[in-house]
Amino acid sequence: MGACLGVCSLLSCVSCLCGSAPCLLCGCCPSTKNSTISRLLFTFFLFLGTLVSIIMIIPGVEKELHKLPGFCEGSGSVLGVQPHLDCSSFLGHKAVYRMGFAMAAFFCLFAVLMVCVRSSKDPRAALQNGFWFFKFLVLVGITVGAFYIPDGAFTTVWFYFGVVGSFLFILIQLVLLIDFAHSWSQRWLRNAGESNAKGWYTALCTVTFIFYAASIAAVALLYVYYTKPEGCTEGKAFISINLILCLIVSIVSILPKIQEAQPHSGLLQASLITLYTIYVTWSALANVPTQRCNPTLLVRNSTGPATATEPPTAWWDAPSIVGLVIFILCTLFISLRSSDHPQVNKLMLTEESGAGAGAGPGGAAEEGGVRRAYDNEQDGVSYSYTFFHLCLLLAALYIMMTLTNWYRPDESLQVLRSPWTAVWVKISSSWAGLLLYLWTLVAPLVLPDRDFS
């Protein structure tokens, strides 16, 4: 009898894995929207792939990749390097690129499949919100296949795909950051106005001061470590230009005309954008391919081929760790939250606050009182399925580039080096972010007939 009950329980779990997202919500969890669970599960797949990539670049695990058939020894080449060269310093890089390709292909597949899905009544919506076990098998299958991609020009071509995707994902990060900064400031100012308490204003001033103080300290450290009295002209120029641009947007944010058009704009948003811009500048300088101007440049990539006496390549540096944290926060932000601003929701193709028709929370407690997710997309999807998968695709490319420090094989195909391409992409993204924030400030004055509330 017990065995029969156990088999029935197992079959129930299997049916959940093959069914819709609501079946995955346990009784101890709060009732929530079907669309939210689906986004979280796809995000979990992305985080799982990221974790596998991180494990593969750990020096001890990287050495074990030699044991994969055809992955290093016995293959025609590794990243274009001939077999007589030591490929140990390339294994982690190669594995992360294969994993990044697999995740990007997986999300690209679903982005194509989910084009023009309008509601959960579309048969394809069941594929978006269910069959998770089979989706996992598809991801595993693509990953296994990716490790058998012939080397050839794959790494060079996929590097440029990663560069473009990372640039676009950095722009998405900036949109989310600007929206978060505006929402943060508005919420605190609204609380201060409703409660008539000076504590909220004190908190605003304190946080703003901390952000600006951290930015000034970071700029000073960048000048100390990434510039020299003689030479390092590019580093000096990048730091100085971004410092001036941050000063300009900070001044513009408190101009009387701007305050009149946008009463909630202020130095809190500008300080947060400034801090993020300085971080991107730091990340760009960490890719400058000159050892004298970049003390964080990986030693193995600035010398000849790896030798037995060299320490194993360590892909982790401080900019990469910060980038990984920002990646996790932004991806969760995309999965969990819709913006308080209609303009951002329109741009990101997500629901506005309070949107999402269909069954309400009352329909969540079904089947003997067990909490289930409820379908909130019967009358219309609460987010664009295709755009969401494209965001995860770009996120997969961004984390692939972050974990490999944006390095690629040099012209001799013997060592991994940091190209100037990475520097210019990151600096350009910081300028694009500052221009985007400046536009959010001046747009109500330039286009007075449009609603920017």
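All figures in this text were calculated on a predicted structure; none of them were measured in a lab. (Residues numbered from 1 in each chain as written. Predicted model: local features only at pLDDT ≥ 70, side-chain atom pairs only at ≥ 80, totals over all residues. Heavy atoms only, no water.)

Visitor: Would you take a moment to explain the state of the cysteines for this structure?
Guide: As used in these notes, a disulfide is a covalent bond between sulfur atoms, one from each of two cysteines. Using the criterion set out here, one finds one disulfide in the structure. In this model, Cys232 is linked to Cys293 through a disulfide, with the two sulfur atoms separated by 2.0 Å. The disulfide joining Cys232 to Cys293 has a torsion of about -95° about its S-S bond and is therefore left-handed. Taken together, the positions of Cys232 in the loop between α8 (198-226) and α9 (233-253) and Cys293 in the loop between α11 (267-285) and α12 (318-336) put the pair 61 residues apart, joining distant regions of the chain. (Disulfide = S-S within 2.5 Å. Helix = DSSP H or I, 4+ residues; strand = E, 2+ residues; numbered from the N terminus.)

Visitor: Looking at this structure, I do not really get helix α14 (residues 385-403). What am I missing?
Guide: Turn by turn, an α-helix covers 3.6 residues, leaving residues three or four places apart pointing in a common direction. The terminal C-alpha atoms of α14, which comprises 19 residues, lie 27 Å apart, in line with the 27 Å expected from a rise of 1.5 Å per residue. Most of α14 sits inside the fold, with 17 of its 19 residues counted as buried. At the exit of α14 stands Asn405, carrying a positive phi of roughly 60°. (Expected span 1.5 Å × (residues − 1). Buried < 20%, exposed > 50% of the residue type's maximum accessible area, 1.4 Å probe, protein only.)

Visitor: I'm lost on the packing of aromatic side chains in this one. Help?
Guide: The description of an aromatic ring pair rests on the distance of the ring centres and on the angle between the ring planes. Enumeration over the complete set of coordinates arrives at 23 aromatic pairs. With 5.6 Å between their ring centres and 45° between their planes, Phe180 and Trp184 make a pair best called tilted. Of the two residues, Phe180 and Trp184 are both situated in helix α7 (residues 154-195); the distance of four residues between them amounts to about one turn of the helix. Residue Trp184 is classed as buried on the basis of its relative accessible area, which comes to 16%. Here the aromatic cluster, defined as three or more aromatic residues joined through ring pairs, consists of Phe42, Phe44, Phe45, Phe106, Phe107, Phe110, Trp132, Phe136 and Phe388. The side chain of Lys135 reaches across the aromatic face of Trp132, ending 3.5 Å from its centre. (Phe/Tyr/Trp six-rings, centres within 6.5 Å; stacked < 30°, edge-to-face > 60°. Lys NZ or Arg CZ within 6 Å of the ring centre and 35° of its normal.)

Visitor: Is there a simple way to explain the side chain of Thr331 in this structure?
Guide: Here Thr331 lies in helix α12. In this structure Thr331 comes out as buried when scored by relative accessible area, which is 1%. A polar atom in the side chain of Thr331 sits 2.6 Å from the backbone oxygen of Phe327. Residues within four places of Thr331 in sequence aside, it is in contact with Thr43, Leu46, Phe47, Phe169, Leu392 and Ala395. (Polar contact = N/O pair within 3.5 Å; in protein donor to acceptor, adjacent residues only side chain to side chain. Contact = heavy atoms within 4.5 Å.)

Visitor: Would you explain the packing of α7 against α12 in this entry?
Guide: Between two packed helices, the angle of one axis relative to the other and the distance separating the axes together describe the packing. Close contact between α7 and α12 brings their axes to 10 Å; oriented N to C, the two are set at 70°. With respect to each other, α7 and α12 are oriented roughly perpendicular. The way α7 lies across α12 gives a crossing that is left-handed. Two secondary-structure elements touch here, α7 through Phe169, Ile172, Gln173, Leu176, Asp179 and Phe180 and α12 through Ile326, Phe327, Cys330, Thr331, Phe333 and Ile334. (Axes fitted to C-alpha atoms, helices over the stretch in contact; angles between N-to-C directions. Parallel < 35°, antiparallel > 145°, perpendicular 65-115°, else oblique. Left-handed = near helix turned anticlockwise from the far one by under 90°.)

Visitor: Where do I start with the nonpolar core in this structure?
Guide: Here is a general trend for soluble globular proteins: nonpolar side chains tend to be buried in one another's company. Judged by nonpolar contacts, the single largest core of 73 residues is most densely connected at Phe42, Leu46, Phe107, Tyr276 and Phe327. Once residues lying within four places of it in the same chain are set aside, the contact partners of Tyr276 are Ile170, Gln173, Leu174, Leu177 and Ile326. (Core = buried A, V, L, I, M, F, W, Y, C linked by side-chain atoms within 4.5 Å.)

Visitor: In this structure, what is going on with the environment of Ser250? I would like to understand it.
Guide: Inspection of the secondary structure puts Ser250 in helix α9. With a relative accessible area of 7%, Ser250 lands in the buried category. Considering only alpha carbons, one finds Ser250 and Gly266, 16 residues apart in sequence, at a separation of 8.0 Å. When neighbours within four sequence positions are excluded, Ser250 is seen to be in contact with Tyr212, Leu267, Ala270 and Thr274. Among the polar contacts made by the side chain of Ser250, one reaches the main-chain carbonyl oxygen of Cys246 at a distance of 2.8 Å.

Visitor: Looking at this model, I keep getting lost on unusual backbone geometry. Mind explaining?
Guide: Working note: non-glycine residues mostly have negative phi, and peptide bonds are mostly trans. Despite not being glycine, Phe131 has its phi angle at roughly 60°, a positive value. Looking at the element boundaries, Phe131 is found in the loop between α5 (123-129) and α6 (132-146). Positive phi outside glycine occurs at Trp406, with the angle close to 65°. Looking at the element boundaries, Trp406 is found in the loop between α14 and β3 (408-409).

Visitor: Whenever I open this one, the environment of Leu324 confuses me. Can you help?
Guide: Within the secondary structure layout, Leu324 lies in helix α12. Between the C-alpha atoms of Leu324 and Leu403, which are 79 residues apart in sequence, the distance is 8.2 Å.

Visitor: Hey, could you run me through the packing of helix α4 (residues 91-113) against α14 in this one?
Guide: For the pair α4 and α14, interaxial distance at closest approach is 8 Å and the crossing angle is 175°. When the axes of α4 and α14 are compared, the pair comes out roughly antiparallel. On α14, the residues touching Val96, Tyr97, Gly100, Met103, Ala104, Phe107, Cys108, Phe110 and Ala111 of α4 are Thr386, His389, Leu390, Leu392, Leu393, Ala396, Leu397, Ile399, Met400, Met401 and Leu403. Of the residues in the contact of α4 with α14, the class split is 17 nonpolar, three polar and no charged. (Nonpolar A, V, L, I, M, F, W, Y, C, P; charged D, E, K, R; others polar.)

Visitor: What's the story with a nonpolar patch on the surface in this structure? I'm lost.
Guide: On the surface, Leu109, Leu113, Leu127, Phe131, Phe133, Phe134, Phe136, Leu137, Val138, Val140, Val144 and Tyr148 cluster together to form a nonpolar patch covering roughly 1,000 Å² of accessible area. Of all the secondary-structure elements, those providing two or more residues to the nonpolar patch are α4 and α6. Per element, the largest residue contribution to the nonpolar patch is seven residues, and it comes from α6. Tracing the backbone shows Tyr148 in the loop between α6 and α7. Using a relative accessible area of 58% as the deciding quantity, one classes Tyr148 as exposed. (Patch = residues over 30% accessible without salt bridge, like charges linked within 9 Å, V, L, I, M, F, W, Y side chains within 5 Å. Areas by Shrake-Rupley, 256 points an atom, 1.4 Å probe, with all protein chains shown as cover. Salt bridge = Lys/Arg side-chain N within 4 Å of Asp/Glu carboxyl O.)

Visitor: Explain the confidence of the model for the protein to me, please; I cannot follow it from the model alone.
Guide: Detailed conclusions should not be drawn from predicted coordinates in areas where pLDDT is low. Across the protein, the average pLDDT comes to 75, with 69% of residues at or above 70. Mean pLDDT across the secondary structure elements of the protein bottoms out at helix α1 (residues 2-18), with 45, and peaks at α9, with 92. Below pLDDT 50 for its whole length, residues 352-371 participates in 39 contacts with residues either more than four positions away or in separate chains. (pLDDT = per-residue confidence, 0-100.)

Visitor: Before we go on, may I ask you to explain the environment of Gln269 in this structure?
Guide: Relative to the helices and strands, Gln269 is located in helix α11. Considered as a pair, Gln269 and Ser250 are 19 residues apart in the sequence and their alpha carbons are 8.7 Å apart. The residues touching Gln269, leaving out its near neighbours within four places in the chain, are Ala181, His182, Ser185, His264 and Tyr437. Looking at Gln269, its side chain comes within polar contact range of the side chain of His182, at 3.3 Å.

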